[in-house]
Amino acid sequence: MKHVETRHFADPQVAARKLLELAAGVEPVHGRIHIEKINAPFLSRNGCKATGPEFGTGIQHAVERGWLELHESGTFVRLNQG
């Protein structure tokens, strides 16, 4: 029997909220937050230890809810007020 580790950020809402928390801690440049400023701490071994798919679903969830605006290039996000 294999034991499966529960992935905290497998829930898109949890991942999205963590990404919002990380984005809120970054100083925007011209109103934009470089995606790597939230990607690196979310994925790093010393940070959240999330996976790429968890990052993707978290960003997608935040955009769908209107919490973040993702630039068409995919390199920047903006925090939406509200």
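Keep in mind it's a predicted model, so treat the numbers as computed, not measured.

**Q** Before we move on, can you summarise the pattern of salt bridges with the specific residues and values?
**A** When the charged atoms of two side chains with opposite charge come close together, those side chains can pair. Counted according to the given criterion, the structure contains two salt bridges. A salt bridge links E54 to R7, with the nearest nitrogen and oxygen atoms 3.1 Å apart. Remark: R7 occurs in the segment before α1 (12-24) and E54 occurs in helix α3 (residues 52-64); sequence separation between them is 47 residues. Notably, a salt bridge pairs K18 with E21, separated by 3.0 Å at the nearest N-O pair. Residue K18 and its partner E21 are both found in helix α1; the two are separated by three residues, about one turn of the helix. Since its relative accessible area comes to 52%, E21 is described here as exposed.

**Q** I'd like to hear about the packing of helix α2 (residues 36-43) against α3, residue by residue, with values.
**A** If you want to describe how two helices pack, look at the angle between their axes and the distance between the axes. Packing of α2 against α3 brings their axes to within 10 Å, and their N-to-C directions diverge by 135 degrees. With respect to each other, α2 and α3 are oriented oblique. Note on packing geometry: the crossing formed by α2 with α3 is right-handed. Facing α2, whose interface residues are I38, N39, F42 and L43, α3 presents G52, E54, F55 and I59. Of the residues in the contact of α2 with α3, the class split is five nonpolar, two polar and one charged.

**Q** How would you sum up the pairing of strand β3 (residues 76-79)? Please name residues and give values.
**A** Inspection of the sheet shows strand β1 (residues 33-34) paired to β3 by two bridges, in the antiparallel sense. Paired with H34 across the strands is F76, a residue of β3. Sheet topology places strand β2 (residues 68-70) next to β3; three bridges connect them, and they run antiparallel. Bridged to L70 within β3 is V77.

The rules behind these values
- Residues numbered from 1 in each chain as written.
- Predicted model: local features only at pLDDT ≥ 70, side-chain atom pairs only at ≥ 80, totals over all residues.
- Heavy atoms only, no water.
- Salt bridge = Lys/Arg side-chain N within 4 Å of Asp/Glu carboxyl O.
- Helix = DSSP H or I, 4+ residues; strand = E, 2+ residues; numbered from the N terminus.
- Buried < 20%, exposed > 50% of the residue type's maximum accessible area, 1.4 Å probe, protein only.
- Axes fitted to C-alpha atoms, helices over the stretch in contact; angles between N-to-C directions.
- Parallel < 35°, antiparallel > 145°, perpendicular 65-115°, else oblique.
- Left-handed = near helix turned anticlockwise from the far one by under 90°.
- Contact = heavy atoms within 4.5 Å.
- Nonpolar A, V, L, I, M, F, W, Y, C, P; charged D, E, K, R; others polar.
- Pairing = 2+ DSSP bridges.

In short, geometric facts, not functional conclusions.
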